[in-house]
Amino acid sequence: FPEESIRILREIGAWMRKNGESIYGTTPCADSPYQLRWGGLTGRGATVYLHLLDPADTPDRIKICNIETKAKRAWLLATGEELPIAQSYELARDEHRFIVHYPQDKLDELDTVIAAEFEEAPVFHSLYMNFEDETDPAAEAAPAAADGKLYGRSIPHPNADRRRYELCGAAV
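I will try to describe carefully the structure that is included in this document. (Residues numbered from 1 in each chain as written. Predicted model: local features only at pLDDT ≥ 70, side-chain atom pairs only at ≥ 80, totals over all residues. Heavy atoms only, no water.)

A closer look at the packing of aromatic side chains
Move 1: Considering all chains together, one arrives at 1 aromatic pair under this definition.
Move 2: For the ring pair Phe98 and Phe118, a centre distance of 5.3 Å and an interplane angle of 55° mean the geometry is tilted. Of this pair, Phe98 sits in strand E8 (residues 95-101) while Phe118 sits in strand E9 (residues 112-118), and the two are 20 residues apart along the sequence.
Move 3: The ring centre of Trp75 lies 3.8 Å from the NZ or CZ of Arg73, which sits over that ring. (Phe/Tyr/Trp six-rings, centres within 6.5 Å; stacked < 30°, edge-to-face > 60°. Helix = DSSP H or I, 4+ residues; strand = E, 2+ residues; numbered from the N terminus. Lys NZ or Arg CZ within 6 Å of the ring centre and 35° of its normal.)

Right under this line is the structure:
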């Protein structure tokens with residue numbers, strides 16, 4: 001085997017020994033309605049694994065919206081270090097928020113994995129947009145939420161030039 005291949009396989013093996021729990025027996029958390037610029041989510045039961053692949057978008061905390069399920073705790077998977085968490089609900093946006101703070105000096109070059117345990121398997125609420133008043137006869141022509149197009153952190157409003165709806169999943 002080429003030396004470079006052996007080095008890469010050793011790096012992956014070392015990472016898997018510390019973080020394999022976030023891969024083996026998990027599934028992607030495809031129910032999240034948002035594109036997460038910092039990485040992705042896997043899960044098993046009541047535990048969600050946050051894979052921080054691009055920490056440049058998140059200075060020291062990650063925010064995920066629309067997980068209503070109550071969080072119990074979060075920790076760095078590789079070390080077991082407990083991390084501070086917060087949950088909130090913003091009535092004006094009908095938005096549940098889960099925030100986990102992490103130490104910048106403990107980031108893994110390949111993938112920093114944060115495990116978050118919830119009281120039960122978390123439920124991600126679907127993205128909902130009401131573009132038009134449903135009593136308006138012209139509302140039939142308005143696009144449904146499923147017809148919206150995601151552009152990074154925002155969705156263009158079909159009836160306005162500059163109005164955009166901010167999405168979560170980026171730095172707070």
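Past the structure itself, the notes keep going.
Re the sheet that holds strand E6 (residues 82-83)
Move 1: Across the sheet, which stays open at both edges, the 6 strands sit in the order E1-E2-E3-E9-E5-E6 with antiparallel pairing between neighbours. Of all strands in the sheet, those with a lone pairing partner are strand E1 (27-28) and E6, marking the two edges.
Move 2: Bridge analysis of E1 against strand E2 (residues 39-44) gives 2 bridges, and the strand direction is antiparallel. Across the sheet, residue Thr27 finds its bridge partner in E2, namely Gly43. (Pairing = 2+ DSSP bridges.)

Quick notes on the environment of Pro59
Move 1: Within the secondary structure, Pro59 is located in the loop between strand E3 (47-52) and strand E4 (61-65).
Move 2: Look at Pro59 and you get partly exposed, because its relative accessible area is 45%.
Move 3: Pro59 sits 44 residues away from Pro103 along the chain, and the two C-alpha atoms are 9.5 Å apart. (Buried < 20%, exposed > 50% of the residue type's maximum accessible area, 1.4 Å probe, protein only.)

Considering the pairing of E2
Move 1: Where E2 and E3 come together, 6 bridges link them in antiparallel fashion. Note on E3: the bridge partner recorded for Gly40 is His51.
Move 2: Hairpin connection between E2 and E3: a loop of 2 residues separates the two successive antiparallel strands, and Gly45 in this loop has a positive phi of roughly 60°.

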